[in-house]
Every structure is written in C-alpha cells, then in structure tokens.
Amino acid sequence: MQDFWVHWTSLSHSPFALFAILFLFSYGIYHRYFRFITPVAESGSLVMALGIAAITCLPQFNFSSFMLLVSALLLLIVWLFIAIRLLQIYLRQERILANWSQRFSVGTWVAATVMVVLFVDQVESTLHGFIVFLGMIAVIIYLGYWRVILSFTKAWLRKRCHVKVDGTLLLAVIATQAMVLLLGELFRDDLPLYLYQTLILLGIFFYFSALILILRYFLVIRHATLVAVWPNANHIIYGALAITGLAMLRTDAFSISVLTVMWWLSAICLFIVMIIDIARLVIRLRLKGWRKGVFVYTTSQLARNFTVGMFYTFTFEYDNLTYTGSVLTEGVANYGQYAVVLLLIIELMIAFSFVFTVNRNQEETSR
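Residues numbered from 1 in each chain as written. Predicted model: local features only at pLDDT ≥ 70, side-chain atom pairs only at ≥ 80, totals over all residues. Heavy atoms only, no water.

### Re the overall build of the protein chain
We count it as follows: Runs of H or I in DSSP of at least four residues are treated as helices and runs of E of at least two as strands, each being numbered from the N terminus. Throughout, exposure labels follow a simple rule: accessible area from a 1.4 Å probe, protein chains only, divided by the maximum for the residue type, with under 20% read as buried, over 50% as exposed, and the rest as partly exposed. Contacts: residue pairs with any heavy atoms within 4.5 Å of one another. For every accessible area listed, the method is Shrake-Rupley and the probe measures 1.4 Å; residues are considered covered only by the protein chains on display.
Within the protein chain, the secondary structure is distributed over 13 helices and zero strands. Helices (α) and strands (β) of the protein chain occur, in sequence order from the N terminus, as α-α-α-α-α-α-α-α-α-α-α-α-α. Counting only residues that meet the buried cut, the protein chain has 48% of its 367 residues in that class. Contacts in the protein chain between residues at least 24 apart in sequence constitute 84% of all its contacts with a sequence separation of at least 6. Surface accessibility of the protein chain: about 19,400 Å² in total, with carbon and sulfur atoms responsible for 67%.

This is how it looks when you write it as structure tokens:
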C-alpha cells in the first residue's frame, strides 16, 4: 500500500500524468454539461480572460506551485476543448466566420494561445518543447489572421465594406502585441530590439486606424442611442493600450516615459469606457430588470474580463518597475487582483447559469 501511494504521488507530480488525469476528469464534465454548447469564433475570449487572471492574480493569492500547475493544465484543456469543437464546425463548412466581426474575432485565438503559453512557461518551464510547439501554433494563427486584416483593409479602400464596426477591430492590436509577448518570453534577448519595436509600432498603427473607424461609425449614430448601442467589445479600446504597454515593458523596447504615457492613456480610456458602461447598465436595468438586463450571458462580455485583467497586469508590472509611489498605481497594483477575480467569478456564474439552462432545455426537448 505504501509503495502504491509513493508511486501515485510521483505520478501526480508529473506534468504529463497530471494532464491525463485532469483531461479525463474534465472530459466527463464537458460531456455532461458543455456538449450542447456551440462555440463561436470569439470563444477564445474565455481563455484570454482566464489566462490573464491566472498569470498575474493567482500568484498574489499565494497558490502553491502544484496548484499553479493544475491551473495551467486546466487552462490548456479548456483551450483544447473549444479549439477542437471550432475546428469540427469549420470542417463541416458551417458559417462561423460569416461577417467581419466574426473574422476579426479569430484574433482572440492568437491571444488565447499566447496566454496558455505564458502561463505554462511561468509554472512549468521544463515543458519547453511543448511550449515552443504551442507558440508556433499561435504564430501560424497570427500569420493566417493577416489575411483577415488585409481583406478588410482592401474592402474599406474600395468602399465595399459598409458594416457596423466596434472594438472587435482592435483585436488586430491584441493579436500583434500578444505576438510581442510571446517572442519576448520564448526568445528574450535572442531577437533584435528593432523587431520588437517594429511589431509594437505596427500594433499602435492598427490601434489608431481601428479607433478612427470606430469613432467615425459612432459619430453618425444619434447621440440619444449611443450608450444603448455601445457594445461589450469596446472595452478593448483600453485593453489594447494596456497590452501595448505591457509589451513595451517586458521587451524593454521603449523608455519609462513612454510607458508612463501609455499607462495614463489606458487609465483614462478605462475611466471613460466604464462611465459609458455604467450608464448602459442603468438603461438595461430600467428596460429589462436584473435578470434579463444584467444576468444574461454573451461571449462578448468576456472581453471586459480580459481587458480589466490586462490593465491590472500592466499596472502591477509598471508599478514594480518604476516605484513611482503614485497612490493610484499602487492602489491598483496592491488591490486590483480582487476586482479582477471578483468580476471573473461573477461572469463565470452567469456563464454556468446559461449552460445549465441550455442543458435543461435540451433534456426537455429530447424527452
């Protein structure tokens, strides 16, 4: 019995054996509750939100190295389940990329894959071969994503693209800066500094180009309806700035003064977007109440969790780097993890409520 326990303990600390155990356990939960849920192109937002919260917040709660490894492997499993389902849907030639918003949502999978890579590398760097392999998948997705960016640009230049635009366009920025984070994590000083600077500046170019299109669209909308039609994806407006600042910080590609400007820009944009979001919440409460106006799940809501988490991560690392002594940055760095985790828990509770409702309806239909 003692030999069995020693053998089991050694297996449980093996990343591969632990992955197998967690995968079998997770598959049972997936088959019972999630097989009826059809993922959408932007489902990578779930992995993005979970990943950024885990990377920065979990260590602040003094999780053991074993629990961090479990969390990283579970994040990988979530990524794997959703990716396989989307691939199956795509191979069945179902229309999951029917419009520009859905096509740009592929950018969530670039960032989601990078989040998995960064978290696994943070907690178990001995899996270097697998980490590089998963990183190559992220690079391949990003290179394919350029087809979406170029096609959209061509359509706008020819004035054939008359569609609603929102913060989804800024996923091009998220994907590009995620590539910078990936390359900086895997290759560090092996790549020239100008490569990081070029990619970061490219992301900034994408940011201002997308922002102009978004503002142009909302300027033609009647002011009375602006708040009501404000989409969840517009949270990426400050999240894109935050991930740009984080990419600058981790690669040492720009000076501290540039980082400071980037932090203030992202903080101001966060404040403006939050004010609009609160006004939108009040409108939804008056029209539909709490249950139908607030506690309703849509995948786009996860953009808020990712962007808040990214802003906290940028602030946390910026504050540790500069030691500015600013009350604002220190307050966010010291207590922001509680807000990030609380918002994520609330969103997950809403998501699970949605899952249970779908399962109940499916079971009633099959009877």
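### So, the pattern of salt bridges
Any two side chains of opposite charge can pair, given that their charged atoms come close. Rules: By definition, a salt bridge exists where a carboxyl oxygen of Asp or Glu is found within 4 Å of a side-chain nitrogen of Lys or Arg.
Evaluated as defined, the whole model comprises four salt bridges. The salt bridge partner of Arg-250 is Glu-317, with a shortest N-O separation of 2.5 Å. Remark: Glu-317 occurs in helix α12 (residues 302-322) and Arg-250 occurs in helix α10 (residues 236-251); sequence separation between them is 67 residues. Between Asp-277 and Arg-304 there is a salt bridge; the shortest N-O distance is 3.2 Å. You can see Asp-277 sitting in helix α11 (residues 256-293) and its partner Arg-304 sitting in helix α12, a full 27 residues away along the chain. Overall, Asp-277 belongs to the buried group, its relative accessible area being 11%. In the salt-bridge network here, residues are joined through shared partners; they are Asp-277, Arg-280 and Arg-304.

### Focus on the packing of aromatic side chains
So the rule is basically this: Working definition: rings of Phe, Tyr and Trp (its six-membered ring) pair if their centres are within 6.5 Å, and the pair is stacked with planes under 30 degrees apart, edge-to-face with planes over 60 apart, and tilted otherwise. Here, over-ring charges are defined by two tests on the NZ atom of lysine or the CZ atom of arginine: distance to the ring centre within 6 Å, and angle to the ring normal within 35 degrees.
For the coordinates displayed, the defined rule picks out 23 aromatic pairs. Seen from their ring centres, Phe-34 and Phe-352 are 6.0 Å apart, and the 70° between their planes marks the pair as edge-to-face. Here Phe-352 lies in helix α13 (residues 327-366) and Phe-34 lies in helix α2 (residues 15-34), a separation of 318 residues in the sequence. For Phe-34, a relative accessible area of 25% translates into the label partly exposed. Judged by relative accessible area, which is 38%, Phe-352 ranks as partly exposed. Against the face of Tyr-33 rests Arg-32, its NZ or CZ located 4.8 Å from the ring centre. When the ring centre of Trp-100 is taken as origin, the NZ or CZ atom of Arg-103, which lies over that ring, is 4.7 Å away.

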